[in-house]
Amino acid sequence: MYRKTRIGSRDTRPARRALACALALAAVAPVSAQYSYDPGNPDEQGPGIRYFGSAKDDKGSLLAGVTVLIDSDEISFVFVTDEQGRFRGKVPLNMVAGKVTAECSKPGYEIVRVIKRPGPPAPKPTVQVDCVLRVAAAGAAP
């Protein structure tokens, strides 16, 4: 409940509360890129958009074996997170990030959110996809 304020004054509690929440989230779950372009790596050679990211549970633990589907109207690519809960792969340059959807799944889990962040176009285009899943409730559809 917010208090009424006089004309010309402003209740700053909602803004302060939002800032406090943002700072708390930043302290708990900092956002940082997990991928950097390495021109010496043979997997980095050739054209393509580098997709990379991670899958975590709703408590922040990395999840191995999560299927990450990168999908467009023309073609789909499937990646699976490794034992550290991370994936990395390359898709053709014509798969423009804005027209591509990303989905994540793992048996026994349900999706909380998928975050897709296109990176800078140079030196190589990248897109970070991070997934958050939670254990499915008993009786929930897979």
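What you see is a predicted model; the values in this text were computed from it and never measured. (Residues numbered from 1 in each chain as written. Predicted model: local features only at pLDDT ≥ 70, side-chain atom pairs only at ≥ 80, totals over all residues. Heavy atoms only, no water.)

1. Examining the sheet that holds strand S7 (residues 126-135)
The 4 strands lie next to each other as S4-S1-S7-S6, forming an open sheet whose pairing is mixed. Of all strands in the sheet, those bounded by a partner on one side alone are strand S4 (86-91) and strand S6 (109-118). The average angle at which neighbouring strand axes cross in this sheet is 20 degrees, direction not considered. Inspection of the sheet shows strand S1 (residues 49-57) paired to S7 by 8 bridges, in the parallel sense. Residue pairing in the sheet places Ser-54 in a bridge with Asp-130 of S7. (Pairing = 2+ DSSP bridges. Helix = DSSP H or I, 4+ residues; strand = E, 2+ residues; numbered from the N terminus. Axes fitted to C-alpha atoms, helices over the stretch in contact; angles between N-to-C directions.)

2. A few points about the side chain of Gln-128
Counting through the fold element by element, Gln-128 comes out in strand S7. For Gln-128, the side chain forms a polar contact with the side chain of Asp-130, separated by 2.6 Å. (Polar contact = N/O pair within 3.5 Å; in protein donor to acceptor, adjacent residues only side chain to side chain.)

3. Structural notes on the confidence of the model for the protein chain
With 65% of its residues at a pLDDT of at least 70, the protein chain reaches an overall mean of 75. Low pLDDT, under 50, characterises residues 1-35; the stretch is placed with 23 contacts to residues that sit more than four places away or in other chains. (pLDDT = per-residue confidence, 0-100. Contact = heavy atoms within 4.5 Å.)

4. Section: the environment of Tyr-109
Within the secondary structure layout, Tyr-109 lies in strand S6. On the basis of relative accessibility, which here comes to 23%, the residue Tyr-109 falls in the partly exposed class. Discounting residues that sit within four places of it in the chain, Tyr-109 has contacts with Leu-63, Leu-133, Arg-134, Val-135 and Ala-136. (Buried < 20%, exposed > 50% of the residue type's maximum accessible area, 1.4 Å probe, protein only.)

5. Considerations on the packing of aromatic side chains
Within this structure, the stated rule accounts for 1 aromatic pair. Aromatic side chains Phe-79 and Phe-87 sit 5.7 Å apart centroid to centroid with 25 degrees between the ring planes, which places their arrangement in the stacked category. (Phe/Tyr/Trp six-rings, centres within 6.5 Å; stacked < 30°, edge-to-face > 60°.)

6. Some details on the nonpolar core
Counting 18 residues, the largest nonpolar core has Tyr-51, Val-68, Ile-70 and Val-129 as its most contacted members. Taken together, the elements giving at least two residues each to this core come down to S1, strand S2 (67-71), S4, strand S5 (101-105) and S7. Val-68 has contacts with Phe-77, Val-78, Phe-79, Thr-81, Phe-87, Glu-103, Cys-104 and Val-129, leaving out every residue within four places of it along the chain. (Core = buried A, V, L, I, M, F, W, Y, C linked by side-chain atoms within 4.5 Å.)

7. A few points about the pairing of S2
Here S2 shows a buried face lined by Val-68 and Ile-70 and an unburied face lined by Thr-67, Leu-69 and Asp-71. Direction of pairing for S2 relative to S5: antiparallel, over a ladder of 5 bridges. When the sheet's bridge partners are listed, Leu-69 is paired in S5 with Glu-103.

8. Observations concerning the side chain of Thr-81
Checked against the element boundaries, Thr-81 lands in the loop between strand S3 (76-80) and S4. Overall, Thr-81 belongs to the buried group, its relative accessible area being 4%. One polar contact links the side chain of Thr-81 to the main-chain carbonyl oxygen of Leu-63, over a distance of 2.9 Å. Looking at Thr-81, its side chain comes within polar contact range of the main-chain nitrogen of Gly-65, at 3.0 Å.

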